[in-house]
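A look at the structure
One letter stands for each residue in the lines below.
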Amino acid sequence: MSTAAREFLLAASNSATLTPRETIRRSIEHYEAAAQRGRSRFLDWEGARRKCSEIKWEALNHLDKYLLEFEQRVKARGGHVFWAETAEDARRYVADLAMQRGVKTVVKSKSMVAEEIHLTPALEKQGMRVFETDLGEFIVQLRDEPPYHIVTPAMHLTRADIAKLFTEKLADFMTPDATVKDDPAQLVAAARRALRRAFVSAEMGITGANFLVADCGMVAITTNEGNDRLGTALPRVHVAIAGIEKVVPRLENLGTLWPVLATAGTGQQITCYNTLIGGPRAANEVDGPEEFHVVLLDNGRSELLADPEQREVLQCIRCGACLNACPVFRTVGGHAYGTTYSGPIGSVLTPHLRGLNEFQHLSYASSLCGACTSVCPVKIDLHHHLLQNRRNAVHSADRPWLERAAFKLWRWNMMGSHRFATAGWLGRNALSVLYALGLGGSALDPLRPWTKYRAAPAIPKKSFRASWRKRGAD
Amino acid sequence: MEQIDNPGRERILSRIRSALTKPAPQHAAMQAAQIFAPVFDPLARFQKECTDNVAECILTPDSDATAENLRSLLQRIPSGEVYVQDAPVLRRIAEKSISGRPIRWSSEGPPNEASQATITLAESLVASTGSVLVASCDGGRAASVIAPVHIVVAGQDQLEPDLDAALTHARERGLAARNSFLCLITGSSRTADIEKILVLGAHGPRRLVVLLAQHLD
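Rules used throughout
- Residues numbered from 1 in each chain as written.
- Chains lettered and ligands numbered in written order.
- Predicted model: local features only at pLDDT ≥ 70, side-chain atom pairs only at ≥ 80, totals over all residues.
- Heavy atoms only, no water.
- Helix = DSSP H or I, 4+ residues; strand = E, 2+ residues; numbered from the N terminus.
- Rg over C-alpha atoms; globule rule 2.2 N^0.38 Å.
- Buried < 20%, exposed > 50% of the residue type's maximum accessible area, 1.4 Å probe, protein only.
- Contact = heavy atoms within 4.5 Å.
- Buried area = accessible area lost by both parts, 1.4 Å probe.
- Salt bridge = Lys/Arg side-chain N within 4 Å of Asp/Glu carboxyl O.
- Polar contact = N/O pair within 3.5 Å; in protein donor to acceptor, adjacent residues only side chain to side chain.
- Nonpolar A, V, L, I, M, F, W, Y, C, P; charged D, E, K, R; others polar.
- Axes fitted to C-alpha atoms, helices over the stretch in contact; angles between N-to-C directions.
- Parallel < 35°, antiparallel > 145°, perpendicular 65-115°, else oblique.
- Pairing = 2+ DSSP bridges.
- Patch = residues over 30% accessible without salt bridge, like charges linked within 9 Å, V, L, I, M, F, W, Y side chains within 5 Å.
- Areas by Shrake-Rupley, 256 points an atom, 1.4 Å probe, with all protein chains shown as cover.
- Domains from an automatic or database assignment.
- pLDDT = per-residue confidence, 0-100.
- Expected span 1.5 Å × (residues − 1).

It is worth spelling out the overall build of chain B at this point. In terms of helices and strands, chain B carries six helices and twelve strands. Against the compact-globule benchmark of 17 Å for 217 residues, chain B has a radius of gyration of 21 Å, which places it well outside the compact range. Across its three principal directions, the C-alpha atoms of chain B cover 70 × 50 × 40 Å. Burial status across chain B gives 54% buried among its 217 residues.

What follows is the structure, encoded as structure tokens:
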């Protein structure tokens, strides 16, 4: 078993003590009600999912063409595009740029790709101060934790937890005479005051991108708080980091993608701020950064593209709907996965990004119930991809020799009808003897893993085939 | 800026091209679905969506009435500078409505952080979502986000029934080509990151007010 697998099992079994399930349950129930209302605002939600899936599929199957079109248009406006093969390439580019420009303070909008490449520690190592400016991200940053959820990073915390955190870490910005210390409005106000100072002094703003629009060469960034807006208006350098799979062909595609992302992500009809940025401040414009850089990250994505069976995984728009729907995520929580991307999409994606051998266990972190697939707004067949990863792991990754031998024996047994009948006869009789001796549930009982939590089924006297023959005779 | 050394570019592109030589199953061609219900009365829909988004929409007959409404709005906003997009129509409206407080015009530079309100035009209004589409030419990037109140002065002829129409129209007018920044704004800045409880005014405006004139001249 890999180290990551052992850590996952340990964290999963401790998850109930680490995070109150009640907090997660309330948050997800709230989301589900909102998402249901959101979907009902569409005349044809299924049609919308199909359309989004088609848009992303078209983009992926002509990825080189659309990325080059995007790059050409960004450059035409005076922006820069850097293609990063690995996380290290991307980190080094951003860190070197920040050094060269004398950056001391960075304001960061929420970006899963920045989490994926561990950008913040790399910048901090160079002595820069990095502020997460999405409120949820800011909270987990103050706690020195990774985000709990793709869309709701502080999902696992109650307002009391956050009030305690802010009283310790943001004392200067809390209203001293606030009567209700855990009033969310007061907490938001304190964070706003603290982060305004950062926005005004920062020399660099870093954002992710929800979409890269090829035909107008713009990055599309979606937030409710408007932190992306301040981070791309005030600092003198803007860096947008995105996976190469984020490109979409046309501006008009956003007419469906924006509402679908919002509905799947939070249940909103559309998110408050849907920003499009195509370059640095132009000569005739009032404000904006002097420099605009886009970092296009591969980091394993082109290999996933080369797998026709799982290529569609790159359609993901990181809405978090599959996390909310997943009974495993709801039970073990986001931190137990120990990966940047958690939940069903994380379980599918992580083995591709970080190695099947080390992360094959995530393919089993699923009951294959298909809830994830049923909510995915771009119609990724998530639970079947988990099955495919299991199959691939059996062929290529390390499995215990005992498991391999057992399956070989099982297969051999299943291939001959006499062998199968003999094995059935042996099984029925051996179990009957065992249970007659009162050894059911003991260490000798081969069904113990099953009967540990469930009643043992009654052992039939005859085989199915014998019953079938008798039925024919009647 | 100096030319960036980027050997990864060609390698990524060649990996993509070789990946795409392996054909993947195509999606069955579907009939273009009618995804959103058609909008029959854009004005009524815009007002309803504004209410749902906790944005304020004030209907006025003309720019004089818009000025009158702006004056009474500003009376209830703490004293201090307001930032106004330097456009002829806003010059006329500001003359009649803003008194007793400093005005910073967008032609003088970006807004000060301490602005009490910002007043801008918009490129279009989207009825189906109650959104306002702004661009760099509407007073810049910070104008619609920096102050506690953002006031949009618009005319009913700017109403688009839905997002598809607004984006198509934006392309036809070359909006994306002429501006380095566009933003579709729906309601004021908000967060629900603490226990999913909605709080307005996270980083940007607590209030978004649309002064919507029947005829803006």
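This part takes up the interface of chain A and chain B. Listed per partner, the contact involves 103 residues of chain A and 80 residues of chain B. With both sides pooled, the region where chain A packs onto chain B buries about 7600 Å², and carbon together with sulfur makes up 59% of that total. Summed over the three residues of chain A that lose the most area to chain B, namely Glu85(A), Arg192(A) and Arg229(A), the buried surface amounts to 9% of that side. In this structure, Glu71(A) engages Arg9(B) in a salt bridge whose closest nitrogen and oxygen atoms are separated by 2.6 Å. Our count for the contact surface shared by chain A and chain B stands at 44 residue pairs in polar contact (both at pLDDT 80 or more). Across the side of chain A that touches chain B, the residue classes tally to 50 nonpolar, 29 polar and 24 charged.

Below, the discussion takes up the packing of helix α20 (residues 401-414) of chain A against helix α21 (residues 417-436) of chain A. All names here are of chain A. Two numbers describe how α20 lies on α21: the axes approach to 6 Å, and their chain directions differ by 115°. Between α20 and α21, the interaxial angle falls into the category roughly perpendicular. Contact with α20, carried on its side by Trp412, Asn413 and Met414, involves Arg419, Phe420 and Ala423 of α21 and no other residues of that element. Partitioning the contact of α20 with α21 into residue classes produces four nonpolar, one polar and one charged.

With that out of the way, let us pick up the pairing of strand β1 (residues 80-84) of chain A. All names here are of chain A. Of all five residues that make up β1, five are buried, and the element is covered over most of its length. The two faces of β1 match: His80, Phe82 and Ala84 on one face and Val81 and Trp83 on the other face are all buried. Where β1 meets strand β10 (residues 291-297), five bridges bridge the pair, whose relative direction is parallel. The partner of phenylalanine 82 across the bridge, within β10, is valine 295.

Next up on the list: a nonpolar patch on the surface. Residue and element names in this part refer to chain A. On the surface, a cluster of nonpolar side chains totalling about 480 Å² of accessible area is made up of Phe407, Trp410, Met414 and Phe420. Counting residues per element, the nonpolar patch draws most heavily on α20, which supplies three residues. For phenylalanine 420, a relative accessible area of 44% corresponds to the partly exposed category.

Our next topic: the pattern of salt bridges. Residue and element names in this part refer to chain A. Following the criterion strictly, the structure yields 40 salt bridges over all chains and no others. Here arginine 25 makes a salt bridge to glutamate 22, at a shortest N to O gap of 2.7 Å. With a gap of three residues between them, arginine 25 and glutamate 22 both fall in helix α2 (residues 21-40), about one helical turn apart. Relative accessible area serves as the criterion here: at 39%, arginine 25 is assigned to the partly exposed category. Classification of glutamate 22 as partly exposed rests on a relative accessible area of 38%. Linking lysine 110 and glutamate 137 is a salt bridge whose minimum nitrogen-to-oxygen distance equals 3.0 Å. With lysine 110 in the loop between β2 (105-108) and α6 (112-116) and glutamate 137 in helix α8 (residues 135-142), this residue pair connects regions lying 27 residues apart in the sequence. Judged by relative accessible area, glutamate 137 falls into the buried class, the value being 2%.

Here we take up the domain arrangement of chain A. Buried accessible area, meaning the area lost when the parts come together, often serves as the stated size of an interface. Its domain assignment divides chain A into domain 1 (1-41 + 319-399), domain 2 (45-299) and domain 3 (412-471). Inter-centroid distance (C-alpha atoms) of domain 1 of chain A to domain 3 of chain A is 35 Å.

This brings us to the environment of Glu54(A). Residue and element names in this part refer to chain A. With respect to the element layout, glutamate 54 can be found in helix α3 (residues 45-61). Glutamate 54 sits in the partly exposed class, given a relative accessible area of 29%. Through-space distance from the C-alpha of glutamate 54 to that of valine 378 is 8.1 Å; in sequence the pair is 324 residues apart.

With that out of the way, let us pick up unusual backbone geometry. For Arg318(A), which is not glycine, the phi torsion reads 55° and is therefore positive. Secondary-structure assignment places Arg318(A) in the loop between α13 (301-305) and α14 (321-325). Positive phi values are uncommon outside glycine, yet Val54(B) reaches one of about 55°. Relative to the helices and strands, Val54(B) is located in the loop between α2 (42-52) and β1 (56-60). Residue classification places Val54(B) among the partly exposed residues on the basis of a relative accessible area of 41%.

To continue, consider the confidence of the model for chain B. Averaged over chain B, the pLDDT score is 94; the fraction of residues at 70 or greater is 95%. Interface scoring of the predicted complex returns ipTM 0.97; its pTM is 0.93.

Glancing now at helix α4 (residues 63-76) of chain A. Because each turn of an α-helix spans 3.6 residues, side chains separated by three or four positions end up pointing in the same direction. Look at α4(A): 20 Å from first C-alpha to last across 14 residues, which is about the 20 Å you get at 1.5 Å a residue. Backbone geometry just downstream of α4(A) places Gly78(A) in the positive-phi region, at approximately 95°.

Moving on: the pairing of β10(A). Residue and element names in this part refer to chain A. Across the seven residues that make up β10, a large majority, seven, are buried. Two elements, strand β7 (residues 237-243) and β10, share seven bridges in a ladder whose sense is parallel. In the strand pairing of β10, valine 237 is matched with glutamate 291.

For the rest of this paragraph, the subject is the sheet that holds β2(A). All names here are of chain A. Reading across the sheet, the six strands line up as β1-β10-β7-β4-β2-β3 and stay open at both edges, with parallel pairing between neighbours. Bordering the open sheet on either side are β1 and β3 (129-132), each of which pairs with just one other strand. Averaged over all neighbouring strand pairs, the angle between strand axes comes to 20°, with direction disregarded. In the packing of helix α5 (residues 87-100) onto the sheet, contacts are made with β1, β4 (204-207), β7 and β10, and the angle to β10 comes to roughly 165°.

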